[in-house]
Amino acid sequence: MINTRFVVPLVAFTALVFFLYQGLFSDPRQRDSQALAKPMPTFSLPDLMEPSVIYTNDVFTDEVTLLNIWGVWCVTCAVELPYLTELSEQGVRFVGLYYDQDLDPDFGTKTLARVQQEVIETTNQLGNPFLFNIFDVYRDTSLDLGVTGAPETLLIDQQGIIRVHHIGDINPRVWDSKFAPIYNELMAQQSLQQTEN
Amino acid sequence: MNLLTQRLFIILSIWAVLMLSGLMFSHDAQATQENYQFTTEQQRKDFKRLTKELRCPMCQNQNIADSDAMIAHDMRRKVYQLVSEGNDHDQVIDFMKQRYGDFVYYQPPVNNSTIWLWILPFSVLLIGGWILFKRRPEITPSDTQAEADLLAKADEMLEKDK
């Protein structure tokens, strides 16, 4: 007969150690996206390069799209741009949701022309995966999407529903594990619909 | 009052004054560079309370009043906008929760996974109390007898030393 006075504290201690040990490997920044499985919030925003062009939710209907939230000021965005360009060359439809850090909407310190210039320079250098860039002037749409920083990428299906919300850069590993399965499925559906019509 | 207690008293009062002033200054030194104008006093109060209660989703543990992250700036602007439009405290909290989840609000909701935050401390207290109660040494007649014997022996020794 083992003494319970010995066993009970030992079990409690082991459980505590196990709990704390697990904590070493958990990511405190990881949290569930609230945008998932919801439609893209309604927006009406100008094109980054051509502010007279206004985009609405219509840009996401009938086509599977990856919406990449980025800015030239963001280092990780620059890292993923070449890979995103590679993907876009394979036929993936990328739309940018651009927001600028230094361009305070109320007390702007940077001109729009300067921002455009920087974007052109960056995409010339690293590749341009984007069909066009939606300019989130007041960062309202980013806030509606629960965006906390850049880069973040959303996979939006033909109905305009958000299917994947990825925080951080896209690399081959992330693409294969997180995006490709759902993307391929959606593309299969899309081509089926197109042949039906 | 002797010298030691007097000194202790002085040190303690200096410490108390420093702590209090520190508290006051830390409240004034919040990172709210923006100058928001409010039409009513209630709106100003709501804004102050909300920015204290909302957690910056980028930072590890900072409210949006203290944080200088861009997301905190944007959230403050949004809170200001919502408060100015006449939304009350709960409506603003709901708005933020819909976008950033329960994480964004410093008061966690009571549900299946968070109920342990309330149960665990009380159960530890109860179990601890139970263990203390169980381990209390029982006074048996033999114990009192042994004690009496020892006392008698001690008395005897004292008697001898006289």
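Residues numbered from 1 in each chain as written. Chains lettered and ligands numbered in written order. Predicted model: local features only at pLDDT ≥ 70, side-chain atom pairs only at ≥ 80, totals over all residues. Heavy atoms only, no water.

Undergrad: Hey, could you run me through the domain arrangement of chain B in this one?
TA: Quoted interface sizes are often the accessible area lost when the parts come together. As far as domains go, chain B holds domain 1 (37–105) and domain 2 (111–136). Here domain 1 of chain B and domain 2 of chain B have C-alpha centroids that lie 35 Å from each other. (Domains from an automatic or database assignment.)

Undergrad: Any chance you could explain the interface of chain B and chain A here in plain terms?
TA: On the chain A side, the residues contacting the 18 residues of chain B number 19 residues. Counting the surface lost from both chain B and chain A, the interface buries some 1,700 Å², and carbon and sulfur atoms represent 51% of this. Area buried by chain B at its contact with chain A is led by Met70(B), Arg77(B) and Arg99(B), which between them contribute 35% of it. At the junction of chain B with chain A, the criterion picks out 3 salt bridges. Of the charged contacts in the structure, one is a salt bridge between Asp140(A) and Lys78(B), with a shortest N-O distance of 2.9 Å. Counting across the chain B and chain A interface gives 5 residue pairs in polar contact (both at pLDDT 80 or more). The residue makeup of the side of chain B that touches chain A, split by class, is 9 nonpolar, 4 polar and 5 charged. (Contact = heavy atoms within 4.5 Å. Buried area = accessible area lost by both parts, 1.4 Å probe. Salt bridge = Lys/Arg side-chain N within 4 Å of Asp/Glu carboxyl O. Polar contact = N/O pair within 3.5 Å; in protein donor to acceptor, adjacent residues only side chain to side chain. Nonpolar A, V, L, I, M, F, W, Y, C, P; charged D, E, K, R; others polar.)

Undergrad: Sorry, what's going on with the confidence of the model for chain B here?
TA: For residues with low pLDDT, the predicted coordinates do not support detailed interpretation. Residue and element names in this part refer to chain B. This prediction gives chain B a mean pLDDT of 84; 87% of its residues lie at or above 70. Within chain B, the lowest mean pLDDT, 66, falls on helix H1 (residues 3–28), and the highest, 94, falls on helix H4 (residues 89–100). Long-range and interchain partners of residues 27–31, a stretch whose pLDDT sits below 50, account for 8 contacts in this model, where long-range means more than four residues apart. On the interface metric, ipTM, the complex scores 0.80, and its pTM is 0.74. (pLDDT = per-residue confidence, 0-100. Helix = DSSP H or I, 4+ residues; strand = E, 2+ residues; numbered from the N terminus.)

Undergrad: Looking at this structure, I do not really get the packing of helix H2 (residues 41–53) of chain B against helix H3 (residues 70–84) of chain B. What am I missing?
TA: Each pair of packed helices can be described by the angle between their axes along with the distance between the axes. Residues and elements named next belong to chain B. Close contact between H2 and H3 brings their axes to 10 Å; oriented N to C, the two are set at 145°. Remark: the crossing between H2 and H3 carries right-handed chirality. Across the interface between the two elements, Gln43, Asp46, Phe47, Leu50 and Thr51 of H2 pack against Arg76, Val79, Tyr80, Val83 and Ser84 of H3. A per-class count over the contact of H2 with H3 returns 5 nonpolar, 3 polar and 2 charged. (Axes fitted to C-alpha atoms, helices over the stretch in contact; angles between N-to-C directions. Left-handed = near helix turned anticlockwise from the far one by under 90°.)

Undergrad: Is there a simple way to explain the state of the cysteines in this structure?
TA: A disulfide bridge is the covalent bond that connects two cysteines by way of their sulfur atoms. The tally for this structure, following the rule as stated, stands at 2 disulfides over all chains. The disulfide bridge from Cys74(A) ends at Cys77(A), spanning 2.1 Å between sulfur atoms. Across the S-S bond of Cys74(A) and Cys77(A) the torsion is about 95°, and the bridge reads as right-handed. No difference in accessibility class separates Cys74(A) from Cys77(A), as the two residues are buried. Paired through a disulfide, Cys56(B) and Cys59(B) show a sulfur-sulfur distance of 2.2 Å. (Disulfide = S-S within 2.5 Å. Buried < 20%, exposed > 50% of the residue type's maximum accessible area, 1.4 Å probe, protein only.)

Undergrad: I would appreciate a short explanation of helix H3 (residues 112–126) of chain A in the present structure.
TA: Three or four residues apart is the spacing at which side chains of an α-helix point the same way, because the helix has 3.6 residues per turn. Residues and elements named next belong to chain A. Helix length check: H3, at 15 residues, gives a terminal C-alpha distance of 21 Å against a target of 21 Å (1.5 Å per residue), a fit within 8%. For H3, the full list of buried residues reads Val115, Gln116, Glu118, Val119, Thr122 and Thr123. End-on view of H3: buried residues confined to an arc of 160°, all on one side of the axis. Away from its buried face, by an angle of more than 90 degrees, H3 presents the exposed residues Ala113, Asn124 and Gln125. As for H3, its buried residues are in contact with strand S3 (65–70), helix H2 (75–89) and strand S4 (94–98). (Expected span 1.5 Å × (residues − 1). Arc of directions from axis to C-beta.)

Undergrad: I would appreciate a short explanation of the side chain of Gln43(B) in the present structure.
TA: When you line up the elements, Gln43(B) lands in helix H2. When sequence neighbours within four positions are dropped, the list of residues in contact with Gln43(B) reads Phe38(B), Val83(B) and Ser84(B).

Undergrad: Would you explain the packing of aromatic side chains in this entry?
TA: In this description, an aromatic ring pair is defined by two values, namely the gap between the centres and the angle between the planes. Overall, the coordinates contain 14 aromatic pairs over all chains when judged by the stated rule. Note on Trp175(A) and Phe179(A): the rings are 5.6 Å apart at their centroids and 10° apart in plane angle, and the pair reads as stacked. Here Phe179(A) and Trp175(A) lie together in helix H5 (residues 172–196), a separation of 4 residues that amounts to about one turn. Like Trp175(A), the residue Phe179(A) is buried in the burial classification. Here the aromatic residues Trp70(A), Tyr98(A), Phe130(A) and Phe135(A) are joined through ring pairs into a cluster of three or more. The ring centre of Phe103(B) lies 4.0 Å from the NZ or CZ of Arg55(B), which sits over that ring. Taking the ring centre of Phe95(B) as reference, the NZ or CZ of Arg99(B) above it sits at 3.6 Å. (Phe/Tyr/Trp six-rings, centres within 6.5 Å; stacked < 30°, edge-to-face > 60°. Lys NZ or Arg CZ within 6 Å of the ring centre and 35° of its normal.)

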